[in-house]
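Spelled out, the chains give:
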Amino acid sequence: MSADLKKLPKVDDALKNQLEGFTPEKLKRATTAEKTALPTKEELAAEKQHEELLHNIEGFPCNKLKRTSTSERIVLPTSEDIQTEKTHQSIFQGVQGFDKTNMRHTETQEKVALPAKEDIESERRHLKLREGVEKFDRSTMRPTETSEKCSLPTPTDIETERRHLKLVAGVEKFDKSTMRPTETSEKCSLPTPTDIETERRHLKLVAGVEKFDRSTMRPTETSEKCSLPTPQDIETERTHQSLFQGLEKFDKLSMKSTDTVEKIVLPTTEDIKTEKEQQALRAGIEGFDASVLKKTETQEKNPLPTKEEIEQEKKA
């Protein structure tokens, strides 16, 4: 049980003291104002259209429907298909009617192919390498120590970390008592003539779709065509196959060991100048005196509709 308690996360002492010293009397009473937004004209029109559509579906007379029958068409084979089928039938008949008595007895001779000069040389190098590994004298090896290098942070990283810590400290020490309560007022703007015209076209399109006469439609057949690959596609596929075969048969023993040298590129004069300008800009922003700012108020203006818009709204 003690081992399980040790694995549990520990609470910070400052946070623990704040939680222990918390009392409900310090809380302030607040009232929640619930505002109900009225539906817009578009929402009312959409709801009315949805109800009319459901009413039309429920009251649709099923006795007006006509019974239809599906006719299945049989596609005749082409001349190429007939010729291919004839060729297959002739091959099958020749195999089935083949006379085995005409065959003569033969004996199979197994030939052993000698290895080539390159194979012998490769096998010799492989055996020599394995023999050298097995007979390697470990006493000739010297102990070595690996030194891990830790790169120091750049001035940009230090400056970024300093700004981040300063921002976190400002957020933690922010005095909430200086904040003032605000209320959000929701304004409903009238639709523009473009919105009204778009809604009218949409309703007209929906009405046309619902009243469409399906009896004017004619049955169609879809023919699927299979295009043969072009010479370029065949050449590309052949190149890929040869490349894959070369990768699969690649001999790793022919590779040589290499050492990677990491080079550190020093910054140019332009980079140093740009960094100095950015540091000067950041210093000016951090040292800016917010007390010289003046308080402003934003006024939101809601333009009244014109006479033409009101006339179009009445007609709609």
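Refer to the structure printed above.
Positions within a chain are numbered from 1, following the residues in the order the chain's sequence is written. Reporting of local features is limited, given that this is a predicted model, to residues whose pLDDT is at least 70; pairs of side-chain atoms are given and counted only at 80 or more, and all residues count toward the totals for whole chains, interfaces and linings. With hydrogens and water set aside, each side-chain value is computed from the structure's full complement of heavy atoms.

Peer 1: I keep staring at the overall build of the protein and nothing clicks. Help me out?
Peer 2: Looking only at helices and strands, the protein features 10 helices and 0 strands. The order of helices and strands in the protein, counted from the N terminus, is α-α-α-α-α-α-α-α-α-α. Taken along the three principal axes of its C-alpha coordinates, the protein extends 105 × 95 × 65 Å. Throughout, exposure labels follow a simple rule: accessible area from a 1.4 Å probe, protein chains only, divided by the maximum for the residue type, with under 20% read as buried, over 50% as exposed, and the rest as partly exposed. A burial count over the protein gives 1% of its 316 residues as buried. When the accessible surface of the protein is split by element, carbon and sulfur atoms take 56% of a total near 34600 Å². Across the protein, the centroid of the 55 positively charged side chains sits 1 Å from that of the 61 negatively charged ones. Numbering goes from the N terminus for both helices and strands, where a helix is a DSSP run of H or I of at least four residues and a strand is a run of E of at least two. Residue burial considers only the protein chains on display, and all accessible areas are found by Shrake-Rupley using a 1.4 Å probe. Positive charges come from Lys and Arg, negative ones from Asp and Glu, while His and the chain ends are left out of the count. Each charge is placed at NZ for Lys, CZ for Arg, CG for Asp and CD for Glu.

Peer 1: What should I look at first to understand the side chain of Arg 282 in this one?
Peer 2: Position of Arg 282 among the secondary structure elements: in helix α9 (residues 269-286). Since its relative accessible area comes to 17%, Arg 282 is described here as buried. Setting aside its immediate chain neighbours within four residues, Arg 282 contacts Glu 159, Arg 163 and Glu 275. In what follows, a contact means two residues having at least one pair of non-hydrogen atoms within 4.5 Å.

Peer 1: How should I be thinking about a negative patch on the surface in this particular structure?
Peer 2: Patch definition: residues with relative accessible area over 30% and no salt bridge; like charges joined within 9 Å; nonpolar side chains (Val, Leu, Ile, Met, Phe, Trp, Tyr) joined within 5 Å. We define a salt bridge as a contact between a side-chain nitrogen of Lys or Arg and a carboxyl oxygen of Asp or Glu at a distance within 4 Å. Taken together, the side chains of Glu 47, Glu 51, Glu 52 and Glu 210 define an acidic patch exposed on the protein surface. Residue contributions to the negative patch peak at 3 residues, all from helix α3 (residues 41-58). With respect to the element layout, Glu 51 can be found in helix α3. For Glu 51, a relative accessible area of 48% puts it in the partly exposed group.

Peer 1: What is the right way to read the environment of Arg 218 from this model?
Peer 2: By secondary structure assignment, the location of Arg 218 is in the loop between α7 (193-210) and α8 (231-248). The exposure class assigned to Arg 218 is exposed, which follows from its relative accessible area of 74%.

Peer 1: What am I meant to see in the pattern of salt bridges here?
Peer 2: Pairs can form between side chains of opposite charge whenever their charged atoms are close. Tallied over the entire structure, the rule returns 6 salt bridges. With a closest N to O distance of 2.8 Å, Arg 200 and Glu 197 form a salt bridge. One end of the pair is Arg 200 and the other is Glu 197, both in helix α7 and 3 residues apart, which spans about a single turn. Judged by relative accessible area, Glu 197 falls into the partly exposed class, the value being 35%.

Peer 1: Could you clarify how one ought to interpret a nonpolar patch on the surface in this entry?
Peer 2: The grouping of Leu 53, Leu 54 and Ile 57 at the surface amounts to a nonpolar patch, some 260 Å² of accessible area in total. Considering the arrangement of structural elements, one finds Ile 57 in helix α3. Here Ile 57 falls in the exposed class, since its relative accessible area comes to 57%.

Peer 1: How should I be thinking about the packing of helix α6 (residues 155-172) against α9 in this particular structure?
Peer 2: Each pair of packed helices can be described by the angle between their axes along with the distance between the axes. At their nearest, the axes of α6 and α9 sit 12 Å apart, and the two run at 15° to each other. Comparing the axis directions of α6 and α9 gives the class roughly parallel. For the pair α6 and α9, the sense of crossing is left-handed. Within the contact between the two elements, α6 uses Pro 155, Thr 156, Glu 159, Arg 163 and Lys 166 and α9 uses Glu 275, Gln 279, Arg 282 and Glu 286. A fitted line through C-alpha atoms serves as each axis, taken over the contacting stretch for helices, and the angle formed by two N-to-C directions is quoted from 0 to 180°. In these notes the angle categories are as follows: under 35 degrees is roughly parallel, over 145 is roughly antiparallel, 65 to 115 is roughly perpendicular, and the rest is oblique. Working rule for handedness: look at the near helix, and if it is turned counterclockwise from the far one by less than a right angle, call the crossing left-handed; if clockwise, right-handed.

Peer 1: How should the side chain of Glu 159 be read in this particular structure?
Peer 2: Along the polypeptide, Glu 159 turns up in helix α6. Contact partners of Glu 159, with chain neighbours within four places excluded, come to Arg 282 and Glu 286.

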